[in-house]
Amino acid sequence: MDNHMLLELKDLEVVYQTDFENVYALNKVTLSLNAGETLGLVGETGAGKTTTALSILKLLPKNIGKITGGSIMFDGVDIVKATEGEMRKIRGNKISMIFQDPMTSLNPVIPVGEQIAESLELHNTQGRTAAEIEQRVDQMLELVGISPNRKTDFPHQFSGGMKQRVVIAIALACDPALLIADEPTTALDVTIQAQVLAMMGELKEKLNTSLILITHDLGIVAQICDKVAVMYAGEIIESGTMEDVFSRIENHPYTVGLFGSIPNLEVSTLRLAPINGLMPDPTDLPKGCKFHPRCPKCMDICKTESPRVYETGTHQIMCHLFTQEGNVIQ
Amino acid sequence: MNQPLLQTVGLKKYYKVKAGELHAVDNINLSIQESQTLGVVGESGCGKTTLGRTILRLVPATSGQILFRGENILEYSGKQMHEMRRNMQIVFQDPYSSINPRMTVYNIIAEPIRSSGTRLEKQNMDKRVRKLMDTVGLASRLIKAYPHELDGGRRQRIGVARALALNPKFIVCDEPVSSLDVSIQAQILNLLMDLQDEYGLTYMFITHDLSVVKHISDNIAVMYLGECVEHGPKDQIFANPLHPYSQALLSAIPVPSLAARSRKPYLIKGEVSSPINPKPGCRFAPRCPHVKPICTQGELELKEVTPNHFVRCTLYGSEKP
Ligand SMILES: Nc1ncnc2c1ncn2[C@@H]1O[C@H](COP(=O)(O)OP(=O)(O)OP(=O)(O)O)[C@@H](O)[C@H]1O
Ligand SMILES: Nc1ncnc2c1ncn2[C@@H]1O[C@H](COP(=O)(O)OP(=O)(O)OP(=O)(O)O)[C@@H](O)[C@H]1O
Ligand code: SF4
Ligand SMILES: [Mg+2]
Ligand SMILES: [Mg+2]
């Protein structure tokens, strides 16, 4: 299967400038994604996950959110330089996004089938006829496990999980090369979440769609992702393949803390080992390593110098513990 | 076994709605021993919150009994209940919506003490509030802060301090960590478990997060559409879930490990039934892969399959141990 590089972010910097303050939301974010790959973008509230997604689509809030450095290349197009006209051709067509809180992206007064058709008409680059569009609607509903004879139903007649599937059907209708799903299952029950995740996994196999799955749940990442990027205070502090990160041989202290915060179902622990303290204020980020005020392994150098990226094969960790000579953990 | 601290007998809460009677909590028989935690799990809308609030008499029960140390508190007079309230408290999911945003931390924590009728001199009240803040890990410099100046984790600590203010015996924790980030969630879970050790608190812990419930509970009750379909010791529920719904629920938990990757969840299909005028028999029947005609022919009973492990399902024998 074709697996050329589809998306590459290099040293991306984004600032939200409000009247009162500058929020440094992304600080030199670098990541890449090949065709057909699934990347899990994990991190806690405010880490910059949604901002990363909005930057790729150039949908940062006007006059407030600004790309101040770095580059985004998507399928040969330089997104940072692309005009609004060029972006319109990409959005919904080559890149689709499922927004955080997807229930709000359905129109309550339009039948679900019509909403899928609408998206197809909007991006009708293949010159489909009305009948072909209708056929495609049925096909998409079937793909997400909803009987096409329910296409005249309104969103409120569907359960949460079914609505979520409709949102996915809309996002996939135009065969995008890249789907960005921002916390697509957070609002769902686990049994429904399992259905939606299984379905996304199948779609990836069938359509070779690349997927960026934004989540705060490491369990979900373990289930369907090929690659992982862990974000903290606007930086990717660790990235690698599933095996690199989840074999838990070498991890960033923050990632160790994330694993320690989740009750383990397989091994009983009496006490959780949480990360103390809070995420730093993005308007006033600490010097040196941004995690240092909470890090149990913090050294003097961490307080003054930003760590470089330590690389072994596909695994990257941004931490002085690994880059300091003589300090490499075995 | 000792007399349970709290027990419900045939507890029901029905709501009258346009389409009929909504069985939010239906015939629940549960008991919790002193200093233990009962975890209550189940999907959205299955009646967890209603069960907790009915037990605390925050909403009136339709029928049944709520026994606190053997006494039916549903028969208590207003005055008796006012006294009883000290013993039974609640911690809510959203720490922001449950506290008054215009009050300072001091007043939020002092409020339950004042409204219980306890008169404390200013000096003693100060001491008490500071002690409570210390207990839940809130720095005393925050005593004059307003909730909006605090993050979610600290707001939830206020919620816990408030619940502890009257030295309760029993606390309903309704999704107390669901809206928090995992690192903060772990801090609050550790706090709740430490408080239990120190003060011998008894918890009913409501959540839809199964890893959390396994971590914190002694016993677990699984609810489905208002009914308890299975309950028992947590290790048995996790090692050997009996009800097909519990099996689906447990297999659907995304586990953050490489080993779990190859495991396929047992997916349930079919529509969720309505809790309004429910049909007789098993409410999970429309989604159950093992459904047989007898499943929907009459009321099912909770059967004790192994000691203390109960299930409401026709797959299991009816012999009494
Ligand atoms: N429109 C905006 N104006 C000002 N600051 C913003 C704006 N949008 C986001 N931010 C800030 O940018 C930072 C990154 O936010 P972002 O929404 O990308 O985080 P996230 O990782 O998606 O978090 P969550 O898990 O809560 O969705 C946060 O500190 C946030 O408060
Ligand atoms: N005041 C009310 N009037 C009518 N129906 C109600 C009322 N309160 C709750 N219900 C219904 O009772 C059922 C149980 O609701 P409850 O809030 O107890 O569920 P839950 O298990 O706590 O769900 P969640 O996980 O979403 O919090 C639902 O069907 C709900 O719609
Ligand atoms: S660089 Fe230092 S402070 Fe930062 S994570 Fe590594 S050890 Fe901790
Ligand atoms: Mg977000
Ligand atoms: Mg609830």
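What you see is a predicted model, and the numbers here were worked out from it, not measured in a lab. (Residues numbered from 1 in each chain as written. Chains lettered and ligands numbered in written order. Predicted model: local features only at pLDDT ≥ 70, side-chain atom pairs only at ≥ 80, totals over all residues. Heavy atoms only, no water.)

## Details of the overall build of chain A
- If you tally the helices and strands in chain A, you get 10 helices and 12 strands.
- The C-alpha radius of gyration computed for chain A amounts to 21 Å, which stays within 12% of the reference 20 Å derived for 330 residues, consistent with globular compactness.
- In terms of overall dimensions, chain A has a C-alpha envelope of 70 × 50 × 45 Å along the principal axes.
- A total of 330 residues make up chain A; the buried ones form 54% of that total.
- Nonlocal contacts in chain A, meaning residues at least 24 apart in sequence, comprise 64% of its contacts between residues at least 6 apart.
- Entry remark: accessible area of chain A is about 14,800 Å², with carbon and sulfur atoms responsible for 52%.
- If the 28 positive side-chain charges of chain A are averaged to one point and the 41 negative ones to another, these points end up 3 Å apart. (Helix = DSSP H or I, 4+ residues; strand = E, 2+ residues; numbered from the N terminus. Rg over C-alpha atoms; globule rule 2.2 N^0.38 Å. Buried < 20%, exposed > 50% of the residue type's maximum accessible area, 1.4 Å probe, protein only. Contact = heavy atoms within 4.5 Å. Areas by Shrake-Rupley, 256 points an atom, 1.4 Å probe, with all protein chains shown as cover. Lys, Arg positive; Asp, Glu negative; His and termini not counted. Charge placed at Lys NZ, Arg CZ, Asp CG, Glu CD.)

## Describing the environment of L201(B)
- Positionally, L201(B) belongs in the loop between helix 6 (182-199) and strand 8 (202-206).
- Sequence separation of L201(B) and F170(B) is 31 residues, and the distance between their C-alpha atoms is 6.0 Å.

## A short note on the interface of chain A and chain B
- Contacts between the two partners involve 44 residues from chain A and, on the opposite side, 37 residues from chain B.
- Both sides of the chain A and chain B interface together cover about 3,400 Å² of buried area, and 58% of this is carbon and sulfur.
- For the chain A face of the interface with chain B, the top three residues by lost area are T191(A), Q223(A) and L265(A), together amounting to 19%.
- Across the contact surface, chain A and chain B share 3 salt bridges.
- Ionic pairing is found between R261(B) and D226(A), a salt bridge with its closest N-O pair at 3.9 Å.
- Taken together, chain A and chain B are joined by 16 residue pairs in polar contact (both at pLDDT 80 or more).
- Classifying every residue of the side of chain A that touches chain B by side-chain character gives 23 nonpolar, 12 polar and 9 charged. (Buried area = accessible area lost by both parts, 1.4 Å probe. Salt bridge = Lys/Arg side-chain N within 4 Å of Asp/Glu carboxyl O. Polar contact = N/O pair within 3.5 Å; in protein donor to acceptor, adjacent residues only side chain to side chain. Nonpolar A, V, L, I, M, F, W, Y, C, P; charged D, E, K, R; others polar.)

## A few points about the site of ligand 3
- Near ligand 3 lie 13 residues; those nearest to it are C289(A), C295(A), C302(A), C319(A) and H320(A).
- Grouping the amino acids of the shell around ligand 3 by side-chain chemistry returns 9 nonpolar, 3 polar and 1 charged. (Near = heavy atom within 4 Å.)

## Quick word on the environment of I55(B)
All names here are of chain B.
- Along the chain, I55 turns up in helix 1 (residues 48-55).
- For the pair formed by I55 and G298, sequence separation is 243 residues and the distance between their alpha carbons is 28 Å.
- Beyond its immediate sequence surroundings of up to four residues, I55 is in contact with L6, T8, L11, I66, I73, M88, F170 and M204.

## Re the site of ligand 1
Residue and element names in this part refer to chain A.
- Near ligand 1 lie 15 residues; those nearest to it are G46, K49, T50, T51 and Q100.
- A distance of 2.9 Å separates an oxygen atom of ligand 1 from a polar atom in the backbone of G46.
- Between ligand 1 and T50, the relevant distance is 2.7 Å, taken from an oxygen atom to a side-chain nitrogen or oxygen of the residue.
- Coverage of ligand 1 by the protein amounts to 70% of the 640 Å² it exposes when considered alone.
- Only strand 2 (22-34) and helix 1 (49-56) provide two or more residues apiece to the shell around ligand 1.
- Among the residues making up the shell around ligand 1, the classes are represented as 6 nonpolar, 7 polar and 2 charged.

## Quick look at the confidence of the model for chain B
- On average, residues of chain B score 92 in pLDDT, and 98% of them reach the 70 mark or higher.
- Two numbers describe this predicted complex: its pTM, 0.90, and its ipTM, 0.85. (pLDDT = per-residue confidence, 0-100.)

## Quick word on helix 6 of chain B
All names here are of chain B.
- Spanning 18 residues, helix 6 covers 26 Å between terminal C-alpha atoms, matching the ideal 26 Å at 1.5 Å per step.
- Where burial is concerned, most of helix 6 is hidden: 14 out of the 18 residues are buried.
- G200 sits one or two residues past helix 6 and shows a positive phi near 60°. (Expected span 1.5 Å × (residues − 1).)

## Looking at the sheet that holds strand 11 (residues 309-312) of chain A
Residues and elements named next belong to chain A.
- Read across the sheet, 8 strands follow the order 6-7-8-3-9-10-12-11 without closing on themselves; strand pairing throughout is mixed. The open sheet has two free edges, formed respectively by strand 6 (95-98) and strand 11, since each of these has just one partner strand. Between one strand axis and the next, the sheet turns through 15° on average, direction left out of account.
- Judged from the 5 bridges that link them, strand 3 (residues 38-42) and strand 8 (residues 210-215) form a sheet pairing that is parallel. Within the sheet, the bridge partner assigned to V42 lies in strand 8 and is T215.
- Packing of helix 1 onto the sheet brings it into contact with strand 3, strand 6, strand 7 (178-182), strand 8 and strand 9 (227-232), and relative to strand 8 it is tilted by some 150°.
- The strands touched by helix 9 (residues 253-261) within the sheet are strand 9 and strand 10 (235-241), with strand 9 carrying the most contacts at an inclination of about 100°. (Pairing = 2+ DSSP bridges. Axes fitted to C-alpha atoms, helices over the stretch in contact; angles between N-to-C directions.)

## Considerations on the packing of helix 5 (residues 160-172) of chain A against helix 6 (residues 190-207) of chain A
Residue and element names in this part refer to chain A.
- Contact geometry of helix 5 with helix 6 gives a least axis separation of 10 Å together with a crossing angle of 20°. If you check the angle between helix 5 and helix 6, you find them roughly parallel. The two elements helix 5 and helix 6 meet at a crossing, and its hand is right-handed. From helix 5, G161, Q164, R165, I168 and L172 reach across to helix 6, where they touch I192, Q195, V196, M199, M200 and L203.
- Classifying every residue of the contact of helix 5 with helix 6 gives 7 nonpolar, 3 polar and 1 charged. (Parallel < 35°, antiparallel > 145°, perpendicular 65-115°, else oblique. Left-handed = near helix turned anticlockwise from the far one by under 90°.)

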